[in-house]
Amino acid sequence: GDLNFPTSGFMRFRPMAGFSAVSNFNLQPYQITTPLSSQEILLKTRSTVFVYVNGQRIQTMELPAGRHRLQDFPFLVGRSKIKIEIVDDVGRHDYLDVPYIYTDQLLRHKLHQINYSVGVAQEAVDSQVSKTRRYPSEATTWTVNHRYGIKEHVTVGVFTQGDQLQHIEGLQVGTQNRIGLFSLEGAFSQVKHHPEGYAGRLLYQYNDYNGYQNTPRTL
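Residues numbered from 1 in each chain as written. Predicted model: local features only at pLDDT ≥ 70, side-chain atom pairs only at ≥ 80, totals over all residues. Heavy atoms only, no water.

Chemist: Pulling in residues and values, what's your account of the packing of aromatic side chains?
Modeler: All chains considered together, the criterion is met by two aromatic pairs. Ring centres of phenylalanine 182 and tyrosine 204 lie 4.9 Å apart, and the angle between their planes is 45 degrees; this geometry places the pair in the tilted category. Here tyrosine 204 lies in strand β15 (residues 196-205) and phenylalanine 182 lies in strand β14 (residues 180-191), a separation of 22 residues in the sequence. Residue tyrosine 204 is classed as partly exposed on the basis of its relative accessible area, which comes to 34%. Aromatic pair phenylalanine 188 and tyrosine 198: ring centres 5.5 Å apart, planes at 45 degrees, arrangement tilted. In this pair, phenylalanine 188 sits in strand β14 while tyrosine 198 sits in strand β15, placing the two residues 10 residues apart along the sequence. The aromatic ring of phenylalanine 10 is capped on one face by arginine 201, whose charged end is 4.2 Å from the ring centroid. (Phe/Tyr/Trp six-rings, centres within 6.5 Å; stacked < 30°, edge-to-face > 60°. Helix = DSSP H or I, 4+ residues; strand = E, 2+ residues; numbered from the N terminus. Buried < 20%, exposed > 50% of the residue type's maximum accessible area, 1.4 Å probe, protein only. Lys NZ or Arg CZ within 6 Å of the ring centre and 35° of its normal.)

Structure follows, in structure tokens:
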């Protein structure tokens, strides 16, 4: 039927009827799809743990002795200041300050995100009675986009889109570190009987919570 598929970067949405295979992470809401820190805290005894993010207490947990990963805690997009207060079973207090970087624009390590679509492009036909749609057989078109988390904070992607008259191919690379998110994209395109075209784009984005009363700031 009519397809509704995601696009990114230099790709464009083109209405068409056909078949598609698309990753939809919303079908598994508890699946972790974004990069997470591998840092852990070690509790020697059963303890009460208070988690503060950017000065605000967001969670209180009773945890048994053992190792606990930071990925189990909720975080905000960008660079956050995390303070963990640990109160053990005899009332001793310990504090940990953990700088944390979180982004929702990359994929976690070894996770694939796909969009494979092929079909016939839609054309609108105006008539005196109504506006109808037709799908001419010569308008076969395709859209392919595949992203993969090669490391915990590095995601790469390839894409292609086109039909018999024009096509575009490209590569995407994104990485996140302490100074922000960097995303680089390059593309090559060609239209029949026209010269080849090239394009590139660099995105930089920085988020923190150092504004007035720990309000978010974005560059």
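On we go.
Chemist: Which residues make up the pairing of β15, and what values go with them?
Modeler: The sheet contact formed by β14 and β15 spans 10 bridges and is antiparallel. Looking at the pairing, glutamate 185 lines up with arginine 201 of β15. The turn joining β14 and β15, which pair antiparallel and follow one another in sequence, is formed by four residues; a positive phi near 70 degrees is taken by histidine 193. (Pairing = 2+ DSSP bridges.)

Chemist: Mind laying out the side chain of threonine 143, listing which residues take part and the relevant values?
Modeler: Tracing the backbone through its elements, the reader meets threonine 143 in strand β11 (residues 140-151). Given the relative accessible area of 2%, threonine 143 is considered buried. Within the local environment of threonine 143, its side chain forms a polar contact with the side chain of glutamine 161, the two groups lying 3.1 Å apart. Excluding anything up to four places from it in sequence, threonine 143 contacts Phe5, Met11, Asn115, Tyr116, Ser117, Thr160 and Gln161. (Polar contact = N/O pair within 3.5 Å; in protein donor to acceptor, adjacent residues only side chain to side chain. Contact = heavy atoms within 4.5 Å.)

Chemist: Go over the sheet that holds β14 with me, naming the residues and quoting the values.
Modeler: Strand-to-strand pairing in sheets goes through backbone hydrogen bonds, with the strands running parallel or antiparallel. Read from one edge of the open sheet, seven strands run β1-β8-β11-β12-β13-β14-β15, paired in antiparallel fashion. What marks the edges here is a single partner per strand, and that holds for β1 (16-22) and β15. Pairwise comparison of adjacent strand axes, ignoring direction, gives a mean angle of 10 degrees for this sheet. Strand direction decides the pairing type here: β1 and strand β8 (residues 112-121), joined by seven bridges, are antiparallel. Across the sheet, the residue bridging to alanine 17 is valine 120, located in β8. (Axes fitted to C-alpha atoms, helices over the stretch in contact; angles between N-to-C directions.)

Chemist: Tell me about the confidence of the model for the protein chain, and please be specific about residues and values.
Modeler: In this model, the protein chain carries a mean pLDDT of 82, and residues with pLDDT of at least 70 account for 84%. Per-element mean pLDDT across the protein chain ranges from 70 in strand β9 (residues 123-126) up to 94 in β15. (pLDDT = per-residue confidence, 0-100.)

Chemist: Tell me about unusual backbone geometry, and name the residues and values.
Modeler: Despite not being glycine, lysine 110 has its phi angle at roughly 70 degrees, a positive value. When you line up the elements, lysine 110 lands in the loop between β7 (93-102) and β8. You can call lysine 110 exposed: its relative accessible area is 56%. Here histidine 193, not a glycine, exhibits a phi torsion of approximately 70 degrees, which is positive. Within the secondary structure, histidine 193 is located in the loop between β14 and β15.

Chemist: Please provide a residue-by-residue account of a nonpolar patch on the surface, values included.
Modeler: Residues Val158, Leu171, Val173, Leu184 and Leu202 make up a contiguous nonpolar surface patch of about 450 Å² in total accessible area. Turning to its location among the elements, leucine 171 is positioned in strand β13 (residues 166-177). Exposure remark for leucine 171: the relative accessible area of 45% places this residue in the partly exposed category. (Patch = residues over 30% accessible without salt bridge, like charges linked within 9 Å, V, L, I, M, F, W, Y side chains within 5 Å. Areas by Shrake-Rupley, 256 points an atom, 1.4 Å probe, with all protein chains shown as cover. Salt bridge = Lys/Arg side-chain N within 4 Å of Asp/Glu carboxyl O.)

Chemist: I'd love a proper account of the pattern of salt bridges, names of residues and values included.
Modeler: Applying the stated rule across the entire model yields three salt bridges. Of the charged contacts, one joins arginine 14 and aspartate 163 as a salt bridge, the two residues approaching to 2.5 Å between their closest N and O atoms. Here arginine 14, found in the segment before β1, pairs with aspartate 163, found in strand β12 (residues 154-163); they are 149 residues apart in sequence, far enough to count as distant. The salt bridge partner of arginine 201 is glutamate 185, with a shortest N-O separation of 3.4 Å. In this pair, arginine 201 is assigned in strand β15 and glutamate 185 in strand β14, connecting sequence segments 16 residues apart. Of the residues examined, arginine 201 reaches a relative accessible area of 37% and is grouped as partly exposed. In this structure glutamate 185 comes out as buried when scored by relative accessible area, which is 7%.

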